[in-house]
Amino acid sequence: MTDGKTTVLLVDDEELIRAGLRAIINAEPDLTVVGEAGDGAEVLPLVTRLRPDVVLMDVRMPAVDGIQASRHILETVAEPPKILVVTTFENDDYVYDALRAGANGFLLKRTRPEDIVRAIRMVVSGESLLFPSAIRALAAAHGGGGAGGLAHAGLTEREAEVLRLMATGLSNVEISERLFVSVQTVKTHVGNVLAKLGARDRTQAVILAYETGFVTPG
């Protein structure tokens, strides 16, 4: 963060898109754009130098696409930023591939300004799933494991319950209210789930739950 603000790097080959996102983000008192790139090939050096909190990453770019760029960041940077891929179509295979590569969520280019801001703040907090219904739809098209596919992970009954609630898009606070436990207890369970699944964040955990059939779209 810079001066208490969440810092954002914009990556899109269309200058007009970057200009629109920059205006939306810089209008917020707690957000600021610290850099821009026109292709995924430029991203890693900028992330290394600027250390942004969030990268808004266009999924389709001419030289290095958002999937490759996301992988480069996650494989190279010790404490990588949150990555939100930006796309035109939510059912794009590129989106699913980007999420599987480690992106924390996605945004549609037609998303309303207030929802773009909300998404950035949400992905930074990491306490709820961004656009759970869209992720369910993607999982329905790409998932396919048999039921109980996470048996090897050794989740406790309560951890399994928390994972299922995470998949519905509930935040930590909402899960705590549903289970009648403290928010801190929920955070502990979420941390245990991520560790046992080897997932970077709740998005990765939920995708894995869908892919293995532990949770079914519906």
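Residues numbered from 1 in each chain as written. Predicted model: local features only at pLDDT ≥ 70, side-chain atom pairs only at ≥ 80, totals over all residues. Heavy atoms only, no water.

1. Section: the overall build of the protein
Working step 1: From N to C terminus, the protein includes 10 helices and five strands.
Working step 2: Its C-alpha atoms give the protein a radius of gyration of 17 Å, within 12% of the compact-globule value 17 Å for 218 residues.
Working step 3: Structurally, the protein occupies a C-alpha span of about 50 × 35 × 30 Å along its principal axes.
Working step 4: Here the protein, with 218 residues, has 50% of them falling under the buried criterion.
Working step 5: In the protein, of all internal contacts separated by at least 6 residues, the share reaching a separation of at least 24 is 68%.
Working step 6: Summed over its atoms, the accessible surface of the protein is roughly 10,000 Å², and 51% of this surface lies on carbon and sulfur atoms.
Working step 7: Charge centroids of the protein, computed over 22 positive and 29 negative side chains, lie 4 Å from each other. (Helix = DSSP H or I, 4+ residues; strand = E, 2+ residues; numbered from the N terminus. Rg over C-alpha atoms; globule rule 2.2 N^0.38 Å. Buried < 20%, exposed > 50% of the residue type's maximum accessible area, 1.4 Å probe, protein only. Contact = heavy atoms within 4.5 Å. Areas by Shrake-Rupley, 256 points an atom, 1.4 Å probe, with all protein chains shown as cover. Lys, Arg positive; Asp, Glu negative; His and termini not counted. Charge placed at Lys NZ, Arg CZ, Asp CG, Glu CD.)

2. Quick notes on the pattern of salt bridges
Working step 1: Tallied over the full model, the rule gives 13 salt bridges.
Working step 2: The shortest N-O distance in the salt bridge between Glu-211 and Arg-100 comes to 2.5 Å. Taken together, the residues Glu-211 in helix H10 (residues 202–211) and Arg-100 in helix H4 (residues 93–101) connect sequence positions 111 residues apart.
Working step 3: Classification of Arg-100 by relative accessible area gives partly exposed; the value is 49%. (Salt bridge = Lys/Arg side-chain N within 4 Å of Asp/Glu carboxyl O.)

3. Points about the sheet that holds strand E4 (residues 82–87)
Working step 1: Taking strand neighbours across the sheet as the criterion, the five strands line up as E2-E1-E3-E4-E5 in an open arrangement whose pairing is parallel. Taken across any chain shown, the strands that pair with only one partner, and hence form the sheet edges, are strand E2 (31–37) and strand E5 (105–108). Strand-to-strand twist of the sheet, defined as the mean angle between neighbouring strand axes without regard to direction, takes the value 25°.
Working step 2: Where strand E3 (residues 54–58) meets E4, five bridges bridge the pair, whose relative direction is parallel. Residue pairing for E4: Leu-56 is matched across the bridge by Leu-84.
Working step 3: Each of strand E1 (6–11), E2, E3, E4 and E5 touches helix H5 (residues 113–125); the most contacted strand, E4, lies at about 150° to it. (Pairing = 2+ DSSP bridges. Axes fitted to C-alpha atoms, helices over the stretch in contact; angles between N-to-C directions.)

4. Overview of the pairing of E3
Working step 1: Extensive coverage of E3 is indicated by the burial of five of its five residues.
Working step 2: Burial along E3 is two-sided: the residues Val-54, Leu-56 and Asp-58 and Val-55 and Met-57 are all buried.
Working step 3: Summarising the sheet, E1 and E3 pair through four bridges and their orientation is parallel. Each bridged residue has a counterpart across the sheet, and for Leu-9 the counterpart in E3 is Val-55.
Working step 4: Handedness of the crossover joining E3 and E4 through helix H3 (residues 66–76) is recorded here as right-handed. (Right-handed = clockwise from strand over helix to strand, strands pointing away.)

5. Thoughts on the nonpolar core
Working step 1: Residues Met-57, Phe-106 and Leu-163 are the most contacted members of the largest nonpolar core, which totals 56 residues.
Working step 2: Here this core gets six residues from one element, more than from any other, and that element is helix H7 (residues 157–167).
Working step 3: Discounting chain neighbours no more than four positions away, the residues touching Met-57 are Val-11, Val-43, Gly-66, Ala-69, Ser-70, Ile-73, Ile-83, Leu-84, Val-85 and Val-86.
Working step 4: Membership of the second largest hydrophobic core comes to 18 residues, among which are Leu-21, Leu-31, Ile-116 and Val-123. (Core = buried A, V, L, I, M, F, W, Y, C linked by side-chain atoms within 4.5 Å.)

6. A closer look at the environment of Arg-136
Working step 1: Here Arg-136 is to be found in helix H6 (residues 132–142).
Working step 2: Linking Arg-136 and Ile-207, residues 71 residues apart in sequence, is a C-alpha distance of 8.5 Å.

7. Structural notes on helix H9 (residues 183–197)
Working step 1: With 15 residues, H9 should reach 21 Å at 1.5 Å per residue; the first-to-last C-alpha distance of 21 Å fits that figure.
Working step 2: On its buried face, H9 is in contact with H7, helix H8 (172–179) and H10.
Working step 3: Two residues or fewer past H9, Gly-198 is found with a positive phi of approximately 65°. (Expected span 1.5 Å × (residues − 1).)

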